[in-house]
Amino acid sequence: MATPENLILNPGFEEDRYWILYNQFPDLGSILIDPTDANSGIRCLKMEFLEGGRGGINQYVAKDRLVEGATIQARCAYKSDAGFYLTVYTWTIDGQIVKTDHRVFCPASADWILSKWLTLTVPSGVDWQNFASFQVVTGASGPAIIKVDDFEMYLVPAPPPETGTLTATATINGTPVSASVEVVDVRTYTTPFTIELPVGNYTLNASYNNQTQTVAAEVVSGQDTHVQFTFTAPPPPSYILSVGTTTISGVPFTIQEGTEVSYATPWSGSLEEGIYQIAMPDTVTDGEETYKFVSWEDGSTSRVRNVDLTTDIAITATYEVALPPKPLCFIATAAYGSPFASELNVLRQFRDQCLPDRIVHVYYKAGPYLAEFIKSRKAIKRYVRTALNLFVKMIKCQQ
Ligand SMILES: [Ca+2]
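Residues numbered from 1 in each chain as written. Predicted model: local features only at pLDDT ≥ 70, side-chain atom pairs only at ≥ 80, totals over all residues.

A. Quick look at the overall build of the protein. Within the protein, the secondary structure is distributed over four helices and 29 strands. Expressed as a percentage of the 399 residues in the protein, the buried residues total 22%. In the protein, 67% of the contacts between residues at least 6 apart in sequence involve partners at least 24 apart. (Helix = DSSP H or I, 4+ residues; strand = E, 2+ residues; numbered from the N terminus. Buried ≥ 20, exposed ≤ 12 C-beta atoms within 10 Å, placed from the backbone. Contact = placed C-beta atoms within 7 Å.)

Shown next as structure tokens:
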């Protein structure tokens, strides 16, 4: 370590500057530079008191050179025919003297010797004036001649603060998570972390997923203090599932995720994220009509469908009218008078192969009434039969 700088300027009195000489009782003594004697160099300071009293020299040290918590150490060389004191002071801004082990007695010595060290701990939390003062004070009641030379005054830096470590972790259900933790008056960290801190008490404000926790922690010298934050898991997100049907509504269906719950279309509800099994009925009856499941809007044709609900989803099942079992040709049967006429086979084949379902459906609706009308009217029955015969011939010709 480098030798610290001597805070005292002109410590050996080789120049005429910097020292402030004071003499509380000037008529009882003198304070002068002595060019004939020295511990080192060529000059020293000579104080001659007739009857003792207070007097000496001040060396001021600027405030900004004195670090809070640091220690000032001072000493000087002297020779004296009477005992006296060396003192070190600082003054607070309101004029109070702050002193710590500030005074050392120097017994008489005929030869140059070094005084003991004086120690002054720079106070903390004090608004003090702009100097520390190193004084030579005579305290003797009789006459004394004191010579001083080679003043030394050093700042011993404040010892580094004792430290310990602070470790913080955060979990949800035992799983570590990255929580934001403000160590108040230090900074904000993200868990898990271990930081070195001066010993003392700290407040930690942790936050994760809109949950906050505050704990106090004491950092102990040379040890690790572990703070564990335990948060609760956030609820899973929910999404809107909509189940609809086309052609008809009011179709009962079930949604299963663990338990099975029944609903009817159109239905829309908020469900937690997850996989749900939607089961539509194969057929559903609405009044006189029976409807049959055809497909989902995505083209799938299984009436049971799994939906992975990770966003709002709308699904639609298409139902169509289910045709009743095909009876014989009402009208033709009525016209021919028998369901077994060979022409009927040709007509049935034509109906099943060539007519669109929609027309067949209308036919099934109206056919029975027309057939009843024809059955009891012989003339009409004959015309219809003739027309159908022609139609059957046409079909045959085209085949
Ligand atoms: Ca000197």
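B. Broad picture of the sheet that holds strand E28 (residues 304-309). Strand order in the open sheet formed by four strands is E23-E22-E25-E28, and the pairing between neighbours is antiparallel. Edge positions in the open sheet fall to strand E23 (259-264) and E28, since each of these has one partner strand only. This sheet shows a mean twist of 25 degrees between the axes of neighbouring strands, independent of strand direction. With three bridges joining them, strand E22 (residues 252-257) and strand E25 (residues 274-279) adopt antiparallel strand pairing. Its bridge partner lying in E25, Ile 255 is registered against Ile 278. (Pairing = 2+ DSSP bridges. Axes fitted to C-alpha atoms, helices over the stretch in contact; angles between N-to-C directions.)

C. Representation of the environment of Val 220 in the model. For Val 220, the position within the fold is in the loop between strand E19 (211-219) and strand E20 (224-231). Each C-alpha atom, one on Val 220 and one on Leu 197, is 9.1 Å from the other, the two residues being 23 residues apart in sequence. If near-sequence neighbours (up to four positions away) are discounted, Val 220 is found in contact with Gly 164, Val 199 and Thr 225.

D. Layout of the nonpolar core. With 27 residues, the main nonpolar core has Leu 45, Ile 72, Cys 76, Tyr 78, Ile 146, Val 148 and Met 153 as its most contacted residues. Contributions of two or more residues to this core are made by strand E3 (44-49), strand E5 (71-80), strand E6 (84-92), strand E10 (118-121) and strand E12 (144-156). If we ignore the near neighbours within four places in the chain, the residues touching Leu 45 are Phe 13, Ile 31, Ile 33, Asp 34, Ile 57, Lys 147, Val 148 and Asp 149. Of all hydrophobic cores here, the second largest spans eleven residues; its members include Phe 253, Met 280, Val 284 and Ala 317. (Core = buried A, V, L, I, M, F, W, Y, C linked by C-beta atoms within 7 Å.)

E. Structural context of the sheet that holds strand E18 (residues 200-208). Strand order across the open sheet formed by four strands is E16-E15-E18-E19, with antiparallel pairing between neighbours. In the strand order of this sheet, the two ends are held by strand E16 (187-190) and E19, each with one partner. When the angles between neighbouring strand axes are averaged without regard to direction, this sheet yields 25 degrees. Pairing analysis gives nine bridges linking E18 to E19, with the strands arranged antiparallel. Directly across from Thr 203, in E19, lies its bridge partner Ala 216.

F. Expanded view of the environment of Thr 171. Structurally, Thr 171 is set in strand E13 (residues 163-172). When the C-alpha atoms of Thr 171 and Phe 231 are compared, they prove to be 6.1 Å apart, with 60 residues separating the residues in sequence.

By themselves these figures say nothing about function.
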